[in-house]
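Coordinate inspection notes
Okay, here's what each chain looks like letter by letter:
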Amino acid sequence: MSPFAALREQLHAAAETFADGPGALSGILSGLVDDVDRALAEPLEIFPVCHHSPASALAMARRLREKQPEVVYLELCEDLRPVLDELRNCRLPVALQAFATELDGFPEGWGPLNVVAPITEASAEYQAIAYALDTPGVELVLVDRSADHVYQWLPQERPDESVGIEIGDLRPRFAELERHLLHHAKVRHWSEWWDQYVEQPLSGADYATYRQVMVLIGSLFRRLTPEDSPRLAGDEERERHMWTRMREHLAASGADPGRCLYVCGAFHAASRVEEFGLHAAEPAYEVTPRTGTTWQYGIVPASHSAVEAQFGLAPGSVSIAAATYAKAVTRGGVKTYQLKGRQATTRPRKAAPAAEGPVTDRLTGFLSSPPALDALDEAELLGWCVDIVRLARRNGYLASTADAIAVFETSILLAGMRNRARPTPYDFQDAAVTCIEKDAVPGRRDVAQLCEILLGGDRIGEVGYAALPPLAQDVYDRLEPLGVDVRKRAVHRVLLDFGTDPDLEPCSHLLWMLRRLMPDGAVRPIMGNRALGERSRQESWDVAIGHHQRALIELGYEGVTVEQVLEQRLRKMVTDPEATAAVALEAVEESIVLLGSRRFTEELGARAVELLAAERTVDDAPDVLRRIRRLLTHYRSAEPALPAWVERFVTTGYAHYCTLLPSAFVADDTGVRQVAAMLGFLSGMESLAISLGCDRAQLELAVKQSHPETPGKVALLWAARFQLGLLSSAELRARCAELLANPLVVPSFPQYLSGFVQALEPAPALTPFVVELISDAFATLPDSVLLPWLPKLITTLKDEAAELVPVLVREAGRTFPGTLAAVDAWTPPWTAAPAPTPVPTPAGGPVTNLLTAHPATTDALAALLGCDGTWQATGATGPGPAGDLLTRHPAASDALAALLAPR
């Protein structure tokens, strides 16, 4: 006979009474009892838990000391087992992490893959881990699917950035049920309902009652889960995996199932899969092999708020659970397990545990009798009320003793309305918000946040130095000369004066690399800069690596040193299928500035040449031009000769852009800025490219084959023809005058101007002409045309050529007068009449006298050349100014004559 036969009959009778006959309700209620009976009858003891549950942690501590199991099976990713030993060096809460960036077997768009499993002190899982690791002879076996299988079993859509594994997940998966429970319990969220109806009644319950109630709750939520739920299918697959792993371990180790403990979520304790139990029929179930993905494992810091956000818990619920657990441990005298020191080498002698008694029905009594309510603890509640008023005053609230009294009375009132004799932290929080919260929050924190701080706050974990990956340890060691403990969660302001202490330069170099690799705010330069050819003598930094310890640990999964990780990132950046020549040049710059490896820089440069030759668009031409100019300046100032890859890049780019120029001029998806950058590359690199073997005729041919239609590109083409000598300044001025004289073209004239302004990049000699063109437009256009036209001109120049406008401003400042009074009398240099050129009188001398005496030869040559002219009178035949100078100062001539005289 089942010990729950009487309870099953009662539930069946109740279903017939309230549901007018047996049906689905009767099946569900009797099924709950069947699930409890099945779980408790299993020879391998199943311990059902709920994550972050103080009641589960207390029951686990008691049961471990009573049973002293030799094998603990834990619902956790099986490949995380080696990481658990490092929990000794950590301060909870932390999260176990599996991290992968090099994917093999998953879509490339999924990376990086990230699996985290948070561990808090107020959890049954931590008690089991601490017991197993600190007790000699006890084996801890993780039986859940691996991190690789977590992603294998996900739908093929792109997953979230991080997958959280919550051990013992227990929450209704039937939305109507959760709303019903919250409504009738008069509570706001699920965490408060769980605290009132599960945590408080089970905190002091015996183990048998706790175990039966938790399996019953897990069975209820499981049976109300829709059968077609993808999550239910995934849970069942996990259960098959866990029972398969446990049977394999028992068969291989020969362990006694009676001395083992299986710790899993209450949802899984009520499993109905065929593989459930040690005596199952064992249908063929094969665990699929892992992919070729390389996984890295470690421990990262966590916090109560992070756990709440990750798993959708109410704000402050994990902190309240931690405070409830600490109080229950103190009040009940439960001796919990804590990881500390090194594992002992010998197992202490202990008596064999007493044989387990038969299973008895504890559910009937628990379900039929009201829970024992805790009496009002006035001292505790008064302390909360006084402390919250004090904390509120410190944060700007006008709270007083009257508010403390109001919070005290309101807490008791709310607890009575919710059928509780003792106010819980949730009642106190609601009362404090009601009595103290005003229309506006005077500071950074509201009253609800102040209550969370009062009840324990958002505890943040820390990973100890010994548990860090080698890269993180290396970073801490290399930053020691800064004189601050960068491991602390604080923002450290450090000053680096290289003139006084040159030994700080390696620290500066490391900080610049960390700034490139870590999130914003981890290291932030306040003063100083590092770029091509730039080095600061002093630097000031805000260092907050302690706040970003998780990011530093994840960086350690990618390599052993920061330099190695940076090199891998740069190589990955240039080998990405979406990489461009501009991206490769950016990587080259970072390699020069941060790594200083000539070999690696040559590799990146060669890749930049390949990418440029393979590009079929010119979208990145402005960026390419800016970066290659900067690199050329650097190499010309720092190296005796240009690297071979730079020369190949210039010659390849010259031929490449000449080829694409005609199509870029007419392409609708290519902007004026891109074409101007192409011309800037061709004109700026022309001398170097020709010296390296390129042919200038290729550029001339490309310009002649270009026939743009849009105004901006037409202006660019005219500027290019002017730069090549194919269009004179007089012809260019005449074409622009025709544009201003044509009323149909005037509305689009700002686009022509924008093209001319952007043409200053390839043809800087046009700067005076552009100033002249703008001046003529303002001088000749009537106000009716100019005023509507002016905003368009301003916005066009701002959007398309903002960086070249200062060049025009400087040229205008040089051309126009400097005072207002001089403007009225000022004549533009391009409109002033040219002064007549005086005809010089030919000086007399032997040559002039010879030509004058015999003019026939000169007249015949003039006739041959088609020149008509007359002979001019010659000037004096005297010695001229030079002769007069030598006559007045003969010393130099006499010395020269004496030097040249024969001896």
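The structure under discussion appears in the preceding block.
The structure displayed is predicted, hence computed values, not measured ones. (Residues numbered from 1 in each chain as written. Predicted model: local features only at pLDDT ≥ 70, side-chain atom pairs only at ≥ 80, totals over all residues. Heavy atoms only, no water.)

Axis separation between helix H3 (residues 54–67) and helix H7 (residues 190–203) bottoms out at 8 Å; the angle between their running directions is 25°. In terms of orientation, H3 and H7 fall into the roughly parallel class. Every pair of crossing elements has a handedness; the one defined by H3 and H7 is left-handed. Residues Pro54, Ala55, Leu58 and Arg62 of H3 touch H7, and the partners they reach there are Glu199, Leu202 and Ser203. (Axes fitted to C-alpha atoms, helices over the stretch in contact; angles between N-to-C directions. Helix = DSSP H or I, 4+ residues; strand = E, 2+ residues; numbered from the N terminus. Parallel < 35°, antiparallel > 145°, perpendicular 65-115°, else oblique. Left-handed = near helix turned anticlockwise from the far one by under 90°. Contact = heavy atoms within 4.5 Å.)

A separate point is a nonpolar patch on the surface. Together, Leu495, Ile526 and Met527 make up a nonpolar patch on the protein surface, roughly 270 Å² of accessible area in all. Secondary-structure assignment places Leu495 in strand E11 (residues 492–497). Overall, the relative accessible area of 56% leaves Leu495 in the exposed class. (Patch = residues over 30% accessible without salt bridge, like charges linked within 9 Å, V, L, I, M, F, W, Y side chains within 5 Å. Areas by Shrake-Rupley, 256 points an atom, 1.4 Å probe, with all protein chains shown as cover. Salt bridge = Lys/Arg side-chain N within 4 Å of Asp/Glu carboxyl O. Buried < 20%, exposed > 50% of the residue type's maximum accessible area, 1.4 Å probe, protein only.)

Across the sheet, three strands lie side by side as E11-E15-E12; this open sheet has antiparallel pairing. Looking at strand neighbours, the two that pair on one side only are E11 and strand E12 (523–527), the edges of this open sheet. Sheet twist, expressed as the mean angle between neighbouring strand axes with direction ignored, is 25°. Bridge count for E12 against strand E15 (residues 538–543) is four bridges, and the pairing is antiparallel. Across the sheet, the residue bridging to Val523 is Val543, located in E15. (Pairing = 2+ DSSP bridges.)

A word on the side chain of His656. Mapped onto the secondary structure, His656 falls in helix H25 (residues 644–666). For His656, a relative accessible area of 10% puts it in the buried group. What His656 contacts, discounting residues up to four positions off in sequence, is Leu612, Ala613, Glu615 and Arg616.

Turning next to the side chain of His149. Counting through the fold element by element, His149 comes out in helix H5 (residues 147–152). Overall, His149 belongs to the buried group, its relative accessible area being 1%. Ignoring sequence-local partners within four residues, the contact set of His149 consists of Val287, Thr288, Pro289 and Arg290.

A regular strand places its side chains so that they alternate between the two faces of the sheet. The element strand E8 (residues 260–265) is largely enclosed, with a buried count of six among its six residues. With five bridges connecting them, strand E1 (residues 45–49) and E8 associate as parallel partners. Paired with Phe47 across the strands is Val263, a residue of E8. Pairing geometry for strand E2 (residues 71–77) and E8, over four bridges, is parallel. Residue Leu74 lies in a different strand from E8, and its bridge partner there is Val263.

Keep in mind that these numbers describe shape and distance, not what the molecule does.
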